[in-house]
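Chain by chain, the residues run as shown.
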Amino acid sequence: MHLLKVIFGFSVLFVVFSACEERIVVDTDTSESELVVDAWITNERRPQVIKLRLTSSYFDASASPAATGATVTITDTFHNVDSLRIKYIFIEDGNSGDYIWTPDENSQLFTVGRDYVLSIDYEVGTYTSLSGTGRVPLVDSIFYEYREESLGEPAGYYAQLIARDPPGKGDAYWIRTYKNGKFLNKPQEINLCYDGSFSPNGNADGLYFISPIRERINRFPDDGAGAVDDENVAPYALGDSIFVEIYTITDDAFDFLNEIIIQMDRDGGVQELFAQPIANVATNIHRENEDQGLNPVGFFCVSTVATTGTVIREQ
Amino acid sequence: MRVKSVVFFLGFVLGMCLNGRAQEKGFVTLSGYIKDKASGETLIGATVYVDSLKTGASTNFYGFYSLSIPKGVYEVSFSYVGYESVKVELELNENKTLDVDLPALSQLLDEVVVSDEEEDINIKSVEMSVEKLDIKTIEKIPAFLGEVDIIRAIQLLPGVSTVGEGATGFNVRGGGIDQNLVLLDEAPVYNSSHLFGFFSVFNPDAVKDVKLVKGGIPAQYGGRLSSIFDVRMKEGNERKFSVSGGVGTIFSRLTLEGPIVKDKASFILAGRRSYVDILAKPFLSDDFKDSKFFFYDLTLKTNYKLNKNNRLFASGYFGRDQFQFGSETKFGWGNSTATLRWNHLFNDRLFSNFTAYYSNYDYKLGFGEDLDKFDWESAIVNYSLKSDFSYFVNPDFEISFGGQGIFYDFKPAKAVAVSAGEVTNISLDNKYAIEAGFFVQSEQKIGQKLSLSYGLRWSYFNYIGSGKVYEFNEPETPGGRKSIQSITQASRGESIESYNNLEPRLALAYQLSSSSSLKASFNRMAQYIHLVSNTAAATPLDVWTPSTNNIDPQIGMQYVLGFFKNLSDNTYELSIEGYYKDLENQLDYVNGADLLINPALEGELLQGKGRAYGVELMAKKKKGKFSGWTSYTISRSERLVENVNQDEWFPTRFDQTHNLSVVANYDLNKKWSFSANFALISGTPTTLPTDRIEFQGYIIPHNSNYRRNNYRIPTYHRLDISATMQGKRKANRKNQDYWVFSIYNVYNNKNPFSVFFQQQEIRPLNGEPIDTQAVKFSIIGSIVPSIAYNFKF
């Protein structure tokens with residue numbers, strides 16, 4: 001079969017046609033700055049920070065400008081009478097644009113089931129937002145095991161988060177993982193869960209978190225020039241610590257985080273064929289008067305937090 | 001009752017026509033089939049011409065012609081592109097049936113046969129905005145990896161575009177990929193791609209004829225807004241048994257065809273399979289041993305001539321793509337279609353065809369094993385009955401009429417999730433619908449210069465139970481997701497929502513001279529089913545959905561004006577066409593739309609307006625050693641959706657301002673021929689972030705102008721070449737074989753598919769600035785040579 005040999009030879013050489021990526025420079029035509037509100041508050045007894053920034057050019061790697069001199073408060077709407085309502089006043093740390101409320105031993109913390117109103121006065125604009133607070137899931141443990149090399153994944157330790165959604169629909173979570181005290185901060189590592197599964201649509205409820213969510217506490221490997229912690233390295237090694245926070249989030253926050261994943265998590269490659277469109281993410285910050293101040297972007301959410309952690313040891 | 005009045009109207013029109021000149025005395029009818037002499041394969045669009053009367057006819061999809069002329073003695077010529085003409089002297093005193101065999105122009109003939117009158121059919125015919133490619137032309141175009149592909153070939157025609165290399169489907173005159181009615185022997189094909197979009201599902205060895213109707217769409221067709229892509233399969237050689245096939249880089253092909261009963265019944269069986277997996281097997285490590293990746297298709301057709309007036313056809317297609325990684329992850333999809341047809345001649349002038357078809361597109365996706373797994377199946381299935389009648393009243397007047405009914409079964413999800421051993425059924429209800437259409441269409445010549453084609457289609461769609469009926473609240477934020485207000489249960493067969501539309505069609509041609517004409521057309525189209533897809537290219541996972549109480553049918557109107565001119569005795573054909581389209585109820589999606597396995601899917605959809613306009617230029621050389629075409633299109637395709645893009649028009653993802661194609665073929669001698677094609681296409685638009693939002697340590701891309709598709713990716717251009725070498729002919733043997741050597745992307749241009757934005761791929765350090773970048777992505781970033789071997793005996 002001389003003929004077949006010739007053709008197969010060609011095929012092996014050329015069938016692997018290479019997709020390729022190339023960094024390019026594009027001109028961006030930016031317009032007026034917008035006010036960025038980064039207000040993710042928890043029920044923990046530690047300093048709570050709200051960051052106010054201005055949007056800046058996408059390709060400018062330096063820190064965005066701070067929005068300083070604002071008045072920032074959160075009001076607990078539990079009482080109908082305004083004078084009885086708890087007000088949390090956030091004080092700016094110098095001119096950093098970081099506004100901080102530090103609880104003491106007696107402070108009333110943010111509480112499950114209550115609604116909170118964020119108010120910001122910045123320059124001529126007034127901005128508000130509303131967030132509820134949800135219940136935490138039943139966190140069991142972190143399970144880890146040593147796996148042999150399989151399907152291109154290297155041998156080493158892999159972890160899973162064992163947790164269960166409480167019965168009753170409408171529970172959304174943001175699972176935040178820390179490896180050796182460092183937050184896993186890549187877009188691909190944003191781990192969301194709704195009623196134990198991926199989406200509020202459908203019949204899932206009261207599930208053990210499904211397998212892909214359990215497994216997403218394993219870090220996403222580095223890629224490209226200078227990558228060391230790459231796909232040839234297992235996510236965990238003996239002695240590594242894993243710490244997981246489960247934030248309960250509102251439905252709007254779940255949508256918001258899903259949208260930012262779509263916008264940020266671009267793997268490239270053939271997946272670009274099936275990439276969802278770029279679109280500005282939603283915000284729940286409202287400007288009181290459309291004619292005054294900057295257009296707001298960003299998000300306000302009050303989360304209650306459940307945590308668990310472990311250290312990888314020889315079994 | 002609107003139904004009744006339409007039926008009455010159709011009957012009335014029909015009656016009028018039958019009372020026309022048809023009854024004139026002294027006329028006789030010449031009718032029959034025109035076929036390929038070697039194979040007995042009927043020829044579509046072959047012409048019959050009576051020189052002394054300056055009149056003629058052409059064959060329909062089944063190779064049948066009918067011509068009514070006064071009694072007399074005539075020289076009648078029969079001809080078809082790529083075939084020798086046959087002239088017959090006939091004395092016509094009564095109706096006559098004459099089947100004619102045309103011999104194919106042999107490659108061995110250096111001299112080109114003298115042209116005949118009907119080569120100017122493109123000037124005389126009222127048909128416009130129609131692209132016909134015969135398979136011989138398609139085979140000459142240099143192909144990606146040497147695999148002849150009809151969908152890639154039509155992308156070289158004016159008015160046809162695509163989101164990019166490797167994308168599924170094609171876009172016609174600014175319409176979405178779901179707006180093309182892709183027909184394989186009359187059965188619709190819902191996903192025309194293998195391997196996501198790199199290859200089409202049609203096996204070129206089994207294809208006889210390809211026709212793309214972009215405008216002036218006759219009333220026979222309905223159900224899609226943008227185009228009709230009509231693929232007709234070969235019937236199979238009815239004179240002798242033959243085997244043909246080939247070995248290419250991706251597929252191996254084998255086709256068997258032959259007579260079952262000589263000149264009465266024949267069959268064709270054609271199969272293809274990819275073999276990348278077989279080649280790769282030795283290189284895979286053990287844990288990948290269970291992996292599969294292959295695609296295949298099988299085409300079968302048979303026909304039986306009962307007698308002079310009755311012929312039966314049965315055809316089927318089955319194709320599948322199968323991917324499996326390890327033993328846990330499985331993904332497969334495919335189409336299957338089956339068509340039964342009965343051609344019946346009531347008399348020499350009334351031709352009829354009855355069709356029943358079944359079409360199915362389905363996919364299956366599965367992850368995991370045992371305690372933790374996910375399995376999902378989805379499908380669209382339809383069954384249809386259809387009838388078409390053509391009445392050849394006289395050479396100047398032909399009328400066709402008919403009707404069709406379709407039953408749809410949409411199966412969006414049969415899905416099960418298992419987590420830690422607990423099983424959750426997340427299946428969605430099936431959706432059902434009925435679509436019906438009735439049409440009447442006539443073609444008429446008024447004098448020697450004016451030809452008219454006019455028709456009317458009445459279409460009806462009913463979204464029926466059983467199923468859940470959703471009502472939605474107004475969205476909380478403008479343009480946002482709509483939440484469910486109520487759910488009610490509809491019983492089996494209960495009408496949930498119905499729509500109907502009158503779809504007038506009109507085309508006219510005015511002959512300015514013997515070699516030039518002016519044509520115009522108008523059509524209104526309605527489309528009741530929609531492909532729900534918001535990714536750059538459609539994916540095999542996208543789900544078709546019916547129009548419902550929440551989704552309105554899409555409506556399209558198109559106006560076209562064209563000028564056609566032939567030069568040098570019809571050696572060159574030139575045309576220019578301008579079109580304008582108005583589209584209603586085009587689908588769009590809320591941000592972050594959740595489109596898969598979502599019972600509240602309708603709440604994620606938006607509908608808006610569309611418009612598309614452009615000018616298409618085409619110059620074609622049809623005869624001689626050197627042949628080919630150049631086409632250029634300048635166009636715009638836009639959408640307007642409330643609360644998107646600041647409520648202003650924005651270009652679609654597949655909008656291409658300029659599109660230039662050059663296709664050339666040169667037959668050097670009996671042994672060698674060479675082909676080349678070149679494409680130069682404006683970059684398609686995409687959305688570009690201008691600003692960054694720093695949020696929780698993340699860099700969120702943000703467009704401070706709130707614009708969609710505000711940036712164009714760089715221009716695309718590519719040259720492909722190929723050489724075909726005929727194998728040695730051995731005396732006394734009829735074996736034929738040939739080699740095709742081709743190079744795709746000759747000068748190795750890294751053409752962009754998209755430009756996307758991402759942050760650094762190395763983990764950002766807390767508090768350190770995060771680097772962001774724009775990345776140009778090319779699907780094919782290299783030169784791709786290939787070699788293929790084909791044989792026939």
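Look up a bit, the structure's there.
Parameters at a glance
- Residues numbered from 1 in each chain as written.
- Chains lettered and ligands numbered in written order.
- Predicted model: local features only at pLDDT ≥ 70, side-chain atom pairs only at ≥ 80, totals over all residues.
- Heavy atoms only, no water.
- Pairing = 2+ DSSP bridges.
- Helix = DSSP H or I, 4+ residues; strand = E, 2+ residues; numbered from the N terminus.
- Axes fitted to C-alpha atoms, helices over the stretch in contact; angles between N-to-C directions.
- Contact = heavy atoms within 4.5 Å.
- Buried area = accessible area lost by both parts, 1.4 Å probe.
- Salt bridge = Lys/Arg side-chain N within 4 Å of Asp/Glu carboxyl O.
- Buried < 20%, exposed > 50% of the residue type's maximum accessible area, 1.4 Å probe, protein only.

## What to know about the sheet that holds strand β50 (residues 772-778) of chain B
And step 1. Strand order in the open sheet formed by three strands is β1(A)-β50(B)-β49(B), and the pairing between neighbours is antiparallel. Only two strands of the sheet have a single neighbouring strand rather than two, namely β1 (20-24) of chain A together with β49 (754-759) of chain B. Taking the axes of each pair of neighbouring strands and ignoring which way they run, one obtains an average angle of 35° across the sheet.
And step 2. In the sheet, β1 of chain A pairs with β50 of chain B via five bridges, with the strands oriented antiparallel. Residue pairing in the sheet places E21 of chain A in a bridge with F777 of chain B of β50 of chain B.

## Brief notes about the interface of chain A and chain B
And step 1. On the side of chain B, 94 residues touch chain A, which itself brings 99 residues to the contact.
And step 2. Around 8,500 Å² of area is buried between chain A and chain B when both sides are counted, 59% of it from carbon and sulfur atoms.
And step 3. The interface formed by chain A and chain B holds five salt bridges in total.
And step 4. Between E422 of chain B and R164 of chain A there is a salt bridge, with its nearest N and O atoms 2.8 Å apart.

## A word on unusual backbone geometry
In terms of backbone geometry, most residues other than glycine have negative phi values and most peptide bonds are trans.
All names here are of chain B.
And step 1. Geometrically, the link from G465 to S466 is a cis peptide bond, its omega value of 10° lying close to zero.
And step 2. Looking at the secondary structure, you find S466 in the loop between β29 (450-464) and β30 (467-472).
And step 3. At N570, a residue that is not glycine, the phi angle is positive and equals roughly 65°.
And step 4. Checked against the element boundaries, N570 lands in the loop between β36 (554-567) and β37 (572-589).

## Notes on the pairing of strand β12 (residues 180-184) of chain B
Residues and elements named next belong to chain B.
And step 1. Of all five residues in β12, five are buried; the element is thus mostly enclosed.
And step 2. Neither face of β12 is open: one carries N180, V182 and L184, the other L181 and L183, and all of them are buried.
And step 3. Note that β12 and strand β17 (residues 227-233) share five bridges and pair parallel. Bridged to N180 within β17 is S227.
And step 4. Where β12 and strand β13 (residues 187-188) come together, two bridges link them in antiparallel fashion. Residue L183 lies in a different strand from β13, and its bridge partner there is P188.
And step 5. What sits between β12 and β13 in their antiparallel hairpin is a turn of two residues, with D185 showing a positive phi close to 45°.

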